[in-house]
Amino acid sequence: MGKVATREAYGKALAEFGADERIIVLDADLSKSTKTDTFKKVYPERHFNMGIAEGNMMSVAAGLASTGKIVFASTFAIFAAERACEQIRNAICYPKLNVKVCATHAGLTVGEDGASHQCIEDLAVMRALPNMLVLSPCDEIETKLAIKAAIEHDGPVYVRLGRLGVEAVHDPETFKFEVGKGVEIKEGTDLTIVATGLMVQESLKAAEILDEKGVNARVIDMHTIKPIDTEILVKAAKETGFIVTVEEHNISGGLGGAVCEALSQNYPCKVKMIGVEEKFGKSGTPAALLEKYGLNAEAIAEKILAAKEAK
Amino acid sequence: MDKRTKLDLQKKATQIRKYIIEEVFSAKSGHPGGSLSCTDIFTTLYFAEMRVDTKNPKDPNRDRFVLSKGHCAPALYATLAVKGFFPEEDLYTFRKVDSYLEGHPNMTYVPGVDMSTGSLGQGISTAVGMALAGKIDKKDYRVYSILGDGEIEEGQVWEAAMAGAHYKLDNLTAFVDYNGLQIDGNITDVMNPEPIADKFAAFGWNVISVDGHDHEQIKNAIETAKTVKGKPTMVVCHCVKGKGVSFMENNYAWHGTAPNQEQRDQAISELDALMAKIDKEIAEEA
């Protein structure tokens, strides 16, 4: 099966579910990259380019939503979650308006554009906002179902999407998506890897490497960052005794932070957090960057083995 | 506008100004200067123009209003209360912990408030969104918004201005409360946004300049805006900060300061005297 970027899956999902006339899509001069142009081809009358003005776009989205629209506002994650953060906070989250901020080009795998465009703080920032639902799907079917859930959810949603084509993790025929419920995608008894976004794919491969070395790792796809699935985490902590979080995001405040907050208050357990270690990205191919920053399967497996030794 | 209508509007405006003083005095904080400055714009909108229903504040076909300069909530709340959206006595709970009358407007708590605002520069963008929705849905409601002259120092205002003109939102009419003062002093000293009318015209808006305390001029501008096709209208309102209270007029120290008991009493007595004068003129008119 070919690789599909979650941004492409997003564009297709918008077009697929776009018949609902309440749906309005805004973009900030990046519709070919965010893939909202896929929606635009089908429903040009409900797609509005707001130009290179992300803050205005988020507040306009709030105004549209106040009249009963379901508004999707897209740009790169760095400009959505960070440049327009305060607009998302005050105009969208505070009045709990029905705006879906679908941010593409998250993480290091933006690639050659480099650090200025590689958003590695968005989960931390968006997760800190009251009323915000934060989704981070890993593959095509999960993205499609996350977008469907975002449409059905009454209130603000942040969806983290990637630029890079990724393999399917879930079977499109049978996969069930439930907001706030992590998905166990590999059984295991020695430890549990909790991953999100394209780190799910890398973590599954890392778990295979660990299997070869006699370490049986469970893998959980945590597609909802907020609210985090405390139940699946506590169960994993009780049954495997060691949790590893893996995210294409800075080590502060993202998936690892959410998991630690949940576990420390409910079932304290040793956690190893794997992510970008308090530094900015740089230009390079996605594969070269994942290797350089220690986020490919081999590096993840190596870090887990070292942490397990130290434990 | 006939004389009696003018006098009735002046009476409403004076009542709203009295409530502004009472709100800020009872809260011991808030923004009297700018609230008094934009009172006549509010009065004209809510008592001579806007299609709103106090019994059905969320009517989908209503005209919308966004207070982009959200700190002037005392003027908005006083107007909504006098209009009948909620009891006037609730105004005395302004900014109190159990009150729904939050320091800056909140659309989820306050009947008649169409958008939560307070962070300057954002309200006008949300008004653009509402006007765009009106175009998409082919509805005939109109969208109104008041901006501060200091507020237009925010870059987002100009992003919104571009978008409003780009999408030809002739159902949007905004007002700049041009009183020349902001918290830190004269707008021309702090960060000069002038020439205001020329700037909005350059951004593709229909611009009308009026005396911001003359209800007839404001009303005429609103009527003209309705006839202009293909562009939004900006009404540049020349106003006096602190209008109606002698010691607050043209003094930026009253931007965000509450009066003490003595100052409150003096302000109310000045406004009562004005009210008596208007009542006398109404009696003579009849």
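This text goes with the structure placed above it.
Residues numbered from 1 in each chain as written. Chains lettered and ligands numbered in written order. Predicted model: local features only at pLDDT ≥ 70, side-chain atom pairs only at ≥ 80, totals over all residues. Heavy atoms only, no water.

Colleague: How would you explain the overall build of chain A if you had to name every residue and give the values?
Modeller: Each helix and strand in chain A was counted, giving 13 helices and 14 strands. In terms of C-alpha radius of gyration, chain A reaches 18 Å, essentially the compact-globule figure of 19 Å for 311 residues. With the C-alpha coordinates aligned to their principal axes, the bounding extent of chain A is approximately 55 × 40 × 40 Å. Here chain A holds 311 residues, and the buried ones make up 62% of them. Within chain A, contacts between residues at least 6 apart in sequence are counted, and of these 79% link residues at least 24 apart. When the accessible surface of chain A is totalled, it reaches about 11,400 Å², and 49% of it is carbon and sulfur. Looking at chain A, you have 36 positive and 44 negative side-chain charges, and the mean spots of the two groups are 2 Å apart. (Helix = DSSP H or I, 4+ residues; strand = E, 2+ residues; numbered from the N terminus. Rg over C-alpha atoms; globule rule 2.2 N^0.38 Å. Buried < 20%, exposed > 50% of the residue type's maximum accessible area, 1.4 Å probe, protein only. Contact = heavy atoms within 4.5 Å. Areas by Shrake-Rupley, 256 points an atom, 1.4 Å probe, with all protein chains shown as cover. Lys, Arg positive; Asp, Glu negative; His and termini not counted. Charge placed at Lys NZ, Arg CZ, Asp CG, Glu CD.)

Colleague: Can you tell me about unusual backbone geometry, naming the residues and giving the values?
Modeller: Looking along the chain, the bond that leaves Lys226 of chain A and enters Pro227 of chain A is cis, with omega of 0°. Relative to the helices and strands, Pro227 of chain A is located in the loop between β12 (224–226) and α10 (230–240). Non-glycine residue His105 of chain A carries a positive phi angle of around 60°. With respect to the helices and strands, His105 of chain A occurs in the loop between β5 (99–104) and α7 (122–127). Although it is not a glycine, Asn250 of chain B sits at a positive phi angle of roughly 55°. Following the sequence through the fold, Asn250 of chain B ends up in the loop between β7 (233–238) and α10 (261–285).

Colleague: Summarise the packing of helix α3 (residues 39–48) of chain B against helix α4 (residues 73–83) of chain B; cite the residues concerned and give the values.
Modeller: All names here are of chain B. The geometry of α3 relative to α4 is characterised by a closest axis approach of 10 Å and an angle of 30° between their N-to-C directions. Between α3 and α4, the crossing angle belongs to the class labelled roughly parallel. When you trace α3 past α4, the crossing you get is right-handed. Each of Phe42, Tyr46 and Phe47 in α3 lies in contact with α4, whose residues at this interface are Ala75, Leu76, Thr79, Leu80, Val82 and Lys83. (Axes fitted to C-alpha atoms, helices over the stretch in contact; angles between N-to-C directions. Parallel < 35°, antiparallel > 145°, perpendicular 65-115°, else oblique. Left-handed = near helix turned anticlockwise from the far one by under 90°.)

Colleague: Describe the pairing of strand β7 (residues 157–160) of chain A, with residues and values.
Modeller: Residues and elements named next belong to chain A. Residues Val157 and Val159 point to one face of β7 and Tyr158 and Arg160 to the other, with burial holding for every one of them. In the sheet, β5 pairs with β7 via 4 bridges, with the strands oriented parallel. Paired with Cys102 across the two strands is Val159, which belongs to β7. Where strand β6 (residues 133–135) meets β7, 3 bridges bridge the pair, whose relative direction is parallel. Its bridge partner being in β7, Leu135 is matched across the sheet by Val159. Once you follow β6 into helix α8 (residues 140–152) and on to β7, the crossover reads as right-handed. (Pairing = 2+ DSSP bridges. Right-handed = clockwise from strand over helix to strand, strands pointing away.)

Colleague: I'd like a rundown of the side chain of Arg64 of chain B, residues and numbers included.
Modeller: For Arg64 of chain B, the location among the structural elements is in strand β1 (residues 64–67). Separated by 2.9 Å, the side chain of Arg64 of chain B and the backbone oxygen of Arg62 of chain B make a polar contact. Those residues within four positions of Arg64 of chain B in sequence are excluded, and the remaining contacts are Thr67 of chain A together with Met50, Asp59, Asp114, Met130, Tyr141, Arg142, Val143 and Tyr144 of chain B. (Polar contact = N/O pair within 3.5 Å; in protein donor to acceptor, adjacent residues only side chain to side chain.)

Colleague: Could you give an account of the interface of chain A and chain B, with specific residues and numbers?
Modeller: Counting residues at the interface gives 23 residues for chain A, matched by 25 residues for chain B. Overall, the association of chain A and chain B removes approximately 1,900 Å² of surface from exposure, summing both partners, and the carbon and sulfur fraction of that is 60%. A per-residue breakdown of the area chain A buries against chain B is headed by Phe48, Asn56 and Tyr94 of chain A, which together make up 27% of the total. Where chain A packs against chain B, one counts 1 salt bridge. Put simply, Asp137 of chain B and Lys69 of chain A hold a salt bridge, and the shortest N to O gap is 2.4 Å. Linking chain A with chain B are 11 residue pairs in polar contact (both at pLDDT 80 or more), by the criterion used here. Those elements giving two or more residues to the side of chain A that touches chain B turn out to be β3 (47–49), α4 (54–65) and α6 (85–93) of chain A. Tallying contributions element by element places α4 of chain A first for the side of chain A that touches chain B, with 8 residues. Its residues assigned to classes, the side of chain A that touches chain B shows 11 nonpolar, 9 polar and 3 charged. (Buried area = accessible area lost by both parts, 1.4 Å probe. Salt bridge = Lys/Arg side-chain N within 4 Å of Asp/Glu carboxyl O. Nonpolar A, V, L, I, M, F, W, Y, C, P; charged D, E, K, R; others polar.)

Colleague: Requested: an account of the pattern of salt bridges, with residues and values cited.
Modeller: Residues and elements named next belong to chain A. A full pass over the atoms with the stated rule returns 36 salt bridges over all chains. Taking the shortest distance from any N to any O, the salt bridge between Lys3 and Glu167 comes out at 3.7 Å. With a gap of 164 residues between them, Lys3 in the segment before β1 (4–5) and Glu167 in the loop between β8 (165–166) and β9 (183–186) connect regions that are remote in the sequence. Overall, the relative accessible area of 54% leaves Lys3 in the exposed class. When salt bridges with common partners are traced through the structure, they connect Lys3, Glu167, Glu202 and Lys205 into a single cluster.

Colleague: Residue-level account of the sheet that holds strand β10 (residues 191–195) of chain A, with values.
Modeller: Residue and element names in this part refer to chain A. Strand order across the open sheet formed by 5 strands is β9-β11-β10-β13-β14, with mixed pairing between neighbours. In the strand order of this sheet, the two ends are held by β9 and β14 (270–276), each with one partner. The sheet shows a mean angle of 25° between the axes of neighbouring strands, taken without regard to direction. Alignment of β10 against strand β11 (residues 217–221), held across 5 bridges, turns out to be parallel. Its bridge partner being in β11, Thr192 is matched across the sheet by Arg218. Sitting on the sheet, helix α11 (residues 255–266) is in contact with β10, β13 (242–250) and β14, with an inclination near 145° to β13.

Colleague: Just give me the short version of the sheet that holds strand β4 (residues 70–76) of chain A, but keep the residues and values in it.
Modeller: Residues and elements named next belong to chain A. Spatial ordering of the open sheet is given by β3-β2-β4-β5-β7-β6-β12, a layout of 7 strands whose pairing is mixed. Each edge of the open sheet carries a strand with a single partner, namely β3 and β12. Strand-to-strand twist across the sheet, computed as the mean angle between neighbouring axes with direction ignored, equals 20°. Of the strands in this sheet, β2 (23–27), β4, β5, β6 and β7 touch α8, which is tilted by about 135° from β4.

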